[in-house]
Amino acid sequence: DTGVSQDPRHKITKRGQNVTFRCDPISEHNRLYWYRQTLGQGPEFLTYFQNEAQLEKSRLLSDRFSAERPKGSFSTLEIQRTEQGDSAMYLCASSLILSPFEQFFGPGTRLTVL
Amino acid sequence: QKEVEQNSGPLSVPEGAIASLNCTYSDRGSQSFFWYRQYSGKSPELIMFIYSNGDKEDGRFTAQLNKASQYVSLLIRDSQPSDSATYLCAVNEGNTGNQFYFGTGTSLTVIP
């Protein structure tokens, strides 16, 4: 158990629907990352936060994706108008600013878009 | 687009042997390099990271970095069946730990 939690663990939705995922990082961790992983691939960076500030966002990320971390604690990732290509495991990771390389991953949310 | 290349495998080694996993990267500006282990159906976990040329050892694991050749490897000594997993190589372009670029991973099977 790494201490990062994600909810829900599984989500099945129909194409065109909006979905929202939540990530609770390890309590003292300032940095929070979102990744997407499909079968046979490594995690793909989506975005990251330092406290409540979203500092980087992948250029490959569609405008249908948005993330927030309103109080510098938990974060949400929303996907609007889901497409079948959005089906993937969405991983959240957190780290300390002083140890930015030691990312701890959560269990992930598996999204299936029908 | 920064690329991280790994042989997808599968790589099979007998128990007790040395497993050698390799990774190359395209961006010469990459500063830090990471090895993660991912068991099937689980999330990645950090094994070790390296940012200086040469070797770094941690228990049965040794990471090797050659920036001139843009090459990083992971050696696992005395391989155990519990080491059977996918090993992900990742790189980071700077010293601030922002964007991490992952390879597709190498599947390792340790045969008892």
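In this report, the structure presented in the accompanying data block is examined.

Thresholds, definitions, all that
All residue numbers refer to positions counted from 1 along the written sequence of the respective chain. Lettering for chains starts from A, numbering for ligands starts from 1, and both go in the order in which the items are written. Totals for whole chains, interfaces and linings use all residues, but because this is a predicted model, local features are given only for residues with pLDDT of at least 70 and pairs of side-chain atoms are given and counted only at 80 or more. Hydrogens and water molecules were not included; the side-chain quantities draw on all heavy atoms of the structure. For helices the rule is a DSSP run of H or I covering at least 4 residues; for strands it is a run of E covering at least 2, with both sets numbered from the N terminus onward. The classification of residues rests on relative accessible area computed with a 1.4 Å probe and restricted to protein chains. Under 20% of the type maximum is buried, over 50% is exposed, and intermediate values are partly exposed. Contacts are residue-level and defined by heavy atoms, with any inter-residue pair within 4.5 Å sufficient. Two rings from Phe, Tyr or Trp (for Trp, the six-membered ring) form a pair when their centres sit within 6.5 Å of each other. Planes less than 30 degrees apart are called stacked, planes more than 60 degrees apart edge-to-face, and all others tilted. Placement of a positive charge over a ring is assigned whenever Lys NZ or Arg CZ falls within 6 Å of the ring centre and within 35 degrees of the normal to the ring plane. For any pair of parts, buried area is found by adding up, for both, the accessible area (1.4 Å probe) each one loses once the two are put together. Definition used for salt bridges: Asp or Glu carboxyl oxygen within 4 Å of a side-chain nitrogen of Lys or Arg.

1. Brief notes about the side chain of A:S58
Residue and element names in this part refer to chain A.
For step 1, the next point in the chain: Within the secondary structure, S58 sits in the loop between strand 6 (53–57) and strand 7 (65–68).
For step 2, the next point in the chain: For S58, a relative accessible area of 10% corresponds to the buried category.
For step 3, the next point in the chain: Apart from residues lying up to four places away in sequence, S58 is in contact with F45 and L46.

2. So, the packing of aromatic side chains
For step 1, the next point in the chain: Inspection of every chain in the model, using the stated rule, returns 17 aromatic pairs over all chains.
For step 2, the next point in the chain: Each ring, one from A:Y35 and one from A:F45, has its centre 6.2 Å from the other, and the planes form 80°; the classification is edge-to-face. A residue pair is termed long-range when its members are at least 10 positions apart, and A:Y35 in strand 4 (residues 31–37) and A:F45 in strand 5 (residues 44–50) qualify at 10 residues.
For step 3, the next point in the chain: Relative accessible area serves as the criterion here: at 5%, A:F45 is assigned to the buried category.
For step 4, the next point in the chain: A network of ring pairs unites the aromatic residues A:Y33, A:Y35, A:F45, A:Y48, A:F101, A:F105, B:F34, B:Y36, B:F49, B:Y51, B:F100 and B:F102 as a single cluster.
For step 5, the next point in the chain: The ring centre of B:F49 lies 4.3 Å from the NZ or CZ of B:K56, which sits over that ring.

3. Details of the interface of chain A and chain B
For step 1, the next point in the chain: Contacts between the two partners involve 20 residues from chain A and, on the opposite side, 21 residues from chain B.
For step 2, the next point in the chain: For the pair chain A and chain B, the two sides together bury roughly 1,700 Å², of which 56% comes from carbon and sulfur.
For step 3, the next point in the chain: Run the count over chain A and chain B and you get 0 salt bridges.
For step 4, the next point in the chain: Of all the elements in the fold, those that place two or more residues in the side of chain A that touches chain B are strand 4, strand 5 and strand 10 (99–105) of chain A.
For step 5, the next point in the chain: The biggest single contributor to the side of chain A that touches chain B is strand 10 of chain A, with 5 residues.

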